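Summary of structural features
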2 protein chains.
Amino acid sequence: MAGTDLTQRGLGDGIAAGAPAIILIEPQLGENIGTTARAMLNCGLTEMRLVKPRDGWPNPYAQAAASGADVVLEGATLFATAEEAVADLEHVYATSARPRDMIKPVVHPRRLAAELRRAQGVQAPTGILFGPERTGLRNEHLVLAESLVEVPLNPAFCSLNLAQAVLLVGYEWFQSGLEETALTDTVLPYPGARPAKSEDVRLFFEHLEAELDATGFLRPLEKRPRMVRNLRNLFLRARLSDNEVRTLRGVVRYLAQHEPQRDPEDGP
Amino acid sequence: MAGTDLTQRGLGDGIAAGAPAIILIEPQLGENIGTTARAMLNCGLTEMRLVKPRDGWPNPYAQAAASGADVVLEGATLFATAEEAVADLEHVYATSARPRDMIKPVVHPRRLAAELRRAQGVQAPTGILFGPERTGLRNEHLVLAESLVEVPLNPAFCSLNLAQAVLLVGYEWFQSGLEETALTDTVLPYPGARPAKSEDVRLFFEHLEAELDATGFLRPLEKRPRMVRNLRNLFLRARLSDNEVRTLRGVVRYLAQHEPQRDPEDGP
């Protein structure tokens, strides 16, 4: 539906073909449709389907609230019934609290994302139903879905607005498209710099230690190896950049020049 | 700070001691403080710290927007500087786009949550800095943090409002407190019912097959084993409840009674 011109608009990254459709059943406030569009685009989701929006469509309040996610609203398609909105989909999910009178599998958003990615891999179109703001989906909608989606949150305070529910489901979708390591690793970027070469780090250490030897800081001699090791570890943990090593050599040089030399007998 | 009376209010579930403090630096709109409080409580986070909120504190707009998360606002503490707000914390994180002139580890919310849980395990207090709505955190705030938190989203459309940023970070925090299987398994609840016993399912199968034999549906005989197997698998996949097995037996009984018996020669 939407999406053909996304790459032209520079929205190609993170927008995968075969992403799930977000299907809003009888949404009430245009503003909520707009903030939902924004949450969708945040997560690389662009296909919005609307079933009987209360205040008609298009809705100027939606546009105003979308904060630039117009591409989602412009591509939104309108349906008269939930059945028609899901007719072409192979896997349909419904976001809902667990009903007390229905036996239906329940998945959390992380599991949902994995299932959606599997479907994407075999070109199976998918969609997720979200209910009206106040009442949520009715049983007539839930029966359209193969599984229910439940967002695990503080059970004593778990109500989310429409855009937030879409955001959490979309967030897991987007994360599931990233490498596992991207989610669990720490990245240390060196903007405008390079990690220092070991050789340069070693020369800095030797410079520092030579100056400290001169001040008597590394006394008594039997403690010197341990003190040196601790100092080196401290700086190694910082994973210095090349610039930082140059800066530190300057620091040592200046401190050693400008500090009055202490009598080694005074110690630190 | 907040939290002492949470269990009395029935908010105990999902509220873990040692959860990170959410620190809002110079938040502008009271409404955003309120929606942030709501997002926090959704995720079991209750300790809010405010540094120089633009419109003073308390703020009636915050209360109005909190939709019942008053316990967070009532427990919020006010600080004059970011330094004071983090003074007692052992691990401080800052949510920010990657600055171009700083070498600082970057983690995603999932990794952040794992680090926060590890700190919680050793009673190390933690906090996460969030910047003013329009401008985000400044360098003077980022230097207070050991790592930056970046939320992976559509790079072409990644701006989040304050409450949504807190919600995504809090969501990962809450998920990290659940069993891994709770996130990745499918749960099939049987409200008001029990999964059917194999014996009862087998009796239903035999009932169905006997009736189908009587109608001639399972002919020719050499195809019968495969047809029976396919039918049984279909029903087994549904993981029937005890009630449903009783219902299905009624369905078969009624169909077999009320349908005119066909001549076996006609076949289905």
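As a reminder, the structure under discussion sits directly above these lines.
1. As for the pattern of salt bridges
- This structure, assessed with the given rule, holds 26 salt bridges over all chains.
- A:Glu172 is the salt-bridge partner of A:Arg110, the closest N and O atoms lying 3.0 Å from each other. In this pair, A:Arg110 is assigned in helix α5 (residues 109–121) and A:Glu172 in helix α7 (residues 162–176), connecting sequence segments 62 residues apart. A:Glu172 carries the same exposure label as A:Arg110, and that label is buried.
- Between B:Arg138 and B:Glu26 there is a salt bridge, with the nearest N and O atoms lying 3.0 Å from each other. Placement of the pair is B:Arg138 in the loop between β6 (126–130) and α6 (139–142) and B:Glu26 in the loop between β1 (21–25) and α1 (30–42), with a sequence separation of 112 residues.
- Each of A:Arg110, A:Glu172, B:Arg110 and B:Glu172 takes part in a single network of salt bridges with overlapping partners.

2. Focus on the sheet that holds strand β5 (residues 106–107) of chain A
Residues and elements named next belong to chain A.
- Ordered in space as β3-β2-β1-β6-β4-β7-β5, the 7 strands form an open sheet in which the pairing is parallel. Two strands in the sheet have a free side with no partner beyond their single neighbour: β3 (77–79) and β5.
- Note that strand β1 (residues 21–25) and strand β6 (residues 126–130) share 4 bridges and pair parallel. Along β6, the bridge assignment pairs Ala-21 with Gly-127.
- Sheet strands touched by helix α1 (residues 30–42): β1 and β2 (48–51). Its angle to β2, the strand with the most contacts, is close to 155 degrees.

3. With respect to the side chain of B:Ser241
- Structurally, B:Ser241 can be placed in the loop between α10 (224–237) and α11 (242–258).
- For B:Ser241, a relative accessible area of 1% puts it in the buried group.
- Residues within four places of B:Ser241 in sequence aside, it is in contact with A:Ile103, B:Tyr190, B:Ala193, B:Arg194, B:Pro195 and B:Ala196.

4. With respect to the nonpolar core
- Counting 74 residues, the largest nonpolar core has A:Met48, A:Phe130, B:Met48 and B:Phe130 as the members making the most contacts within it.
- In this structure, A:Phe130 is in contact with A:Ile22, A:Ile23, A:Leu24, A:Ile25, A:Thr95, A:Leu137, A:Leu162, A:Ala165, A:Val166 and A:Val169, ignoring residues within four places of it in sequence.

5. Some points on the relation of the copies chain B and chain A
- It takes a turn of 180 degrees to lay chain B on chain A, together with a shift of 0.1 Å along the axis; the resulting RMSD is 0.1 Å. In short, the pair behaves as if placed about a two-fold rotation axis.
- Same-surface contact between copies: 100% of interface residues of chain B are shared with the interface of chain A.

6. Looking at the environment of B:His207
Residues and elements named next belong to chain B.
- Within the secondary structure, His-207 sits in helix α9 (residues 198–215).
- Counting along the chain gives 65 residues from His-207 to Leu-142, while the straight-line C-alpha distance between them is 71 Å.
- Of note is the side chain of His-207, whose polar atom sits 3.3 Å from the side chain of Arg-249.

7. Points about the packing of α9(B) against α10(B)
Residues and elements named next belong to chain B.
- Orientation of α9 relative to α10, taken along the N-to-C sense of each, is 135 degrees, at an axis distance of 11 Å. If you check the angle between α9 and α10, you find them oblique. Of the two possible hands of crossing, α9 and α10 adopt the one that is right-handed. Taking contact as the criterion, the partners of Val-201, Phe-204, Phe-205, Glu-206, Leu-208, Glu-209, Leu-212 and Asp-213 in α9 are, on α10, Arg-224, Val-228, Leu-231, Arg-232, Phe-235 and Leu-236.
- Residues of the contact of α9 with α10, tallied by class, amount to 9 nonpolar, no polar and 5 charged.

8. Remarks on the sheet that holds strand β2 (residues 48–51) of chain B
Residues and elements named next belong to chain B.
- In spatial order, the strands read β3-β2-β1-β6-β4-β7-β5; together these 7 strands make up an open sheet with parallel pairing. Edge strands, defined here as strands with exactly one partner in the open sheet, are β3 (77–79) and β5 (106–107).
- Along the sheet, α1 contacts β1 and β2; its crossing angle with β2, the most-contacted strand, is approximately 155 degrees.

9. Digging into the interface of chain B and chain A
- With 60 residues of chain B at the contact, the number on the chain A side is 60 residues.
- Counting the surface lost from both chain B and chain A, the interface buries some 4900 Å², and carbon and sulfur atoms represent 59% of this.
- It is B:Ile103, B:Arg110 and B:Phe157 that lose the most area in chain B upon contact with chain A, and together they represent 15% of the buried surface on that side.
- Here chain B is connected to chain A by 2 salt bridges.
- There are 26 residue pairs in polar contact (both at pLDDT 80 or more) connecting chain B and chain A.
- Contributing elements (two or more residues each) for the side of chain B that touches chain A: α1, β5, α5 (109–121), α7 (162–176) and α8 (180–184) of chain B.
- Per-element accounting of the side of chain B that touches chain A gives the leading share, 7 residues, to α7(B).
- A per-class count over the side of chain B that touches chain A returns 34 nonpolar, 14 polar and 12 charged.

10. With respect to α5(A)
Residue and element names in this part refer to chain A.
- The terminal C-alpha atoms of α5, which comprises 13 residues, lie 18 Å apart, in line with the 18 Å expected from a rise of 1.5 Å per residue.
- By the burial criterion, the buried members of α5 are Pro-109, Arg-110, Leu-112, Ala-113, Glu-115, Leu-116, Ala-119 and Gln-120.
- Once α5 finishes, Gln-123 follows within two positions and takes phi at roughly 55 degrees, a positive value.

Conventions and cut-offs
- Residues numbered from 1 in each chain as written.
- Chains lettered and ligands numbered in written order.
- Predicted model: local features only at pLDDT ≥ 70, side-chain atom pairs only at ≥ 80, totals over all residues.
- Heavy atoms only, no water.
- Salt bridge = Lys/Arg side-chain N within 4 Å of Asp/Glu carboxyl O.
- Helix = DSSP H or I, 4+ residues; strand = E, 2+ residues; numbered from the N terminus.
- Buried < 20%, exposed > 50% of the residue type's maximum accessible area, 1.4 Å probe, protein only.
- Pairing = 2+ DSSP bridges.
- Contact = heavy atoms within 4.5 Å.
- Axes fitted to C-alpha atoms, helices over the stretch in contact; angles between N-to-C directions.
- Core = buried A, V, L, I, M, F, W, Y, C linked by side-chain atoms within 4.5 Å.
- Least-squares fit on C-alpha atoms with pLDDT ≥ 70 in both.
- Polar contact = N/O pair within 3.5 Å; in protein donor to acceptor, adjacent residues only side chain to side chain.
- Parallel < 35°, antiparallel > 145°, perpendicular 65-115°, else oblique.
- Left-handed = near helix turned anticlockwise from the far one by under 90°.
- Nonpolar A, V, L, I, M, F, W, Y, C, P; charged D, E, K, R; others polar.
- Buried area = accessible area lost by both parts, 1.4 Å probe.
- Expected span 1.5 Å × (residues − 1).

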